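# Examining the three-dimensional arrangement
So you can see what is in the structure, the chains are spelled out below.
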Amino acid sequence: MASLNINLPPSITIPNSFSLSSLSHFHGRQLSLSSTLSSSLPILPHSKTIFIHGTNNFKTTQFSRNCSLIPPTSIPSQSPFVQHDDNLFIVVNFYHFVFIKDPQFEVSRHLFVLQELDIHGRIYINEQGVNAQFSGPSRDALAYVKWLRDDQRFTDILVQISPSSIGHAFPRLKLRYKPSLVQFDLGVQDLPLLDPLMRAVPLSPAEWRTRLKSINNNHDTANANDKNCILLDVRNGYEWDIGHFEGVQRPEVDCFKSTSFGLSDEVTDLDPLVNIDKEKTHILMYCTGGIRCDVYSTILRQKGFKNLYTLKGGVSNYLQKEGPDKWIGNLFVFDSRLSLPPSTFKPGAATTSRSQEALANNKFAKCYICGSQVHELRHRNCANLDCNLLYLCCRDCVGELRGCCCRDCKTAPRLRPVLFQHERYKKWHLYRDSEVREEISTLN
Ligand SMILES: [Zn+2]
Ligand SMILES: [Zn+2]
């Protein structure tokens, strides 16, 4: 068992419910699912009526499923999170671009398997492939992965796994056909995503680290970019704020779908790809898990950019393989855990002294409202439903502005309650209805 000496960046908050002790369950043993799994699963009839999410169709479909859920003898080889307790929760991420002839049928096939498993999350399928993020007890989450990998179209997918000490990291399961696997304003349906030659060249985490080192050596400045090589963070500004690779410019982007680097000729300081030599400049891009880079690099390729490289599997894969070297801070994730320290991905890995130095140099996360760098910083959505801005905030400012991002929002008509705990807002009607109930009880 590796010891867990973890130096936390001073201005980063670990979610309240995050417990380091939970990591002790993750160690270097080969995971194998309980041999009782197949016998504990009810044997379903081979013909079943299934509701297909996102459509109004009920389909009766013939499947043979039972043979696919035989407990795997070896499970996602890429992950070090191998555990002996099938009941511990994990979060699994994968995506894969592959032609799917009948996506609605594919959705129903997945649903057939998933309805017997305790899995929450977002699983989107269309003609271009699958994009999935979900949580569940490892027994169930990995049984689904195993089932998918038995399909030759998905045998080689890179599956990323991290522990979840909060149980499910998603409120429910959303499995459906989605026209775009990734939200992007310009649309991605017509992009040639299935052609790997259109996407950026994937660099392994080790290759990426080597490239970063050579960039740092050549420039020896805080800003790694020059005319020959651009390091591009293809995420949102608020993700960069709590963690990023050394020397990378903050992307002035609030939402990936509106990213427009390199797409306009308008000269602006905010676009690192403006006025660069599209033939010669090397662009090294990264995101959390890789899919945003695959999509965005295809767009850039169509715009004439020639030398595109990406970090294979994104930051989560890097932290797992290489640890936090060259990385500063935590990793923002799009589930209830919100942000994860690098040690989540590689237990025992400590923040490097260089990262500590960068943190001390005031280049790091601050409360968006008061600018302080206290320990209790946390991402939250503005309590004003009609704003909903995701912002980083200290506990004092949360109290002062009652969970809102600014004074204007504080007096908005549709205010939700303040969330002091590590949680996310529920649907508006739940708050609205509870308000109505309160009014009624007051009248009585
Ligand atoms: Zn503050
Ligand atoms: Zn607001």
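Residues numbered from 1 in each chain as written. Chains lettered and ligands numbered in written order. Predicted model: local features only at pLDDT ≥ 70, side-chain atom pairs only at ≥ 80, totals over all residues.

The next thing to look at is the overall build of the chain. Counting secondary structure elements, the chain contains 11 helices and 19 strands. Per-residue burial for the chain yields a buried fraction of 42% across its 444 residues. In the chain, 71% of the contacts between residues at least 6 apart in sequence involve partners at least 24 apart. (Helix = DSSP H or I, 4+ residues; strand = E, 2+ residues; numbered from the N terminus. Buried ≥ 20, exposed ≤ 12 C-beta atoms within 10 Å, placed from the backbone. Contact = placed C-beta atoms within 7 Å.)

The subject of this paragraph is the environment of N388. For N388, the position within the fold is in the loop between β18 (378–381) and β19 (390–393). With 13 C-beta atoms counted inside 10 Å, the residue N388 sits in the partly exposed group. Sequence-distant contacts of N388, that is, excluding residues within four places in its chain, are made with N381 and C382.

A separate point is the sheet that holds strand β8 (residues 160–163). The 5 strands lie next to each other as β8-β5-β7-β6-β9, forming an open sheet whose pairing is mixed. For this open sheet the edge positions go to β8 and β9 (173–177), each flanked by a neighbour on one side alone. Direction aside, the axes of adjacent strands within the sheet are offset by 10° on average. Here strand β5 (residues 89–97) pairs with strand β7 (residues 129–137) via 9 bridges, running antiparallel. Residue pairing across strands places F97 opposite G129, the latter belonging to β7. Relative to the sheet, helix α2 (residues 103–114) contacts β6 (120–126) and β9, its axis offset from that of β9 by approximately 155°. (Pairing = 2+ DSSP bridges. Axes fitted to C-alpha atoms, helices over the stretch in contact; angles between N-to-C directions.)

Now for unusual backbone geometry. In this structure, N275 takes a positive phi of about 60° despite not being glycine. Relative to the helices and strands, N275 resides in the loop between β12 (243–245) and β13 (282–286). The class for N275 is exposed, based on 8 C-beta atoms found within 10 Å. Phi at N388 takes a positive value of approximately 60°, unusual for a residue other than glycine.

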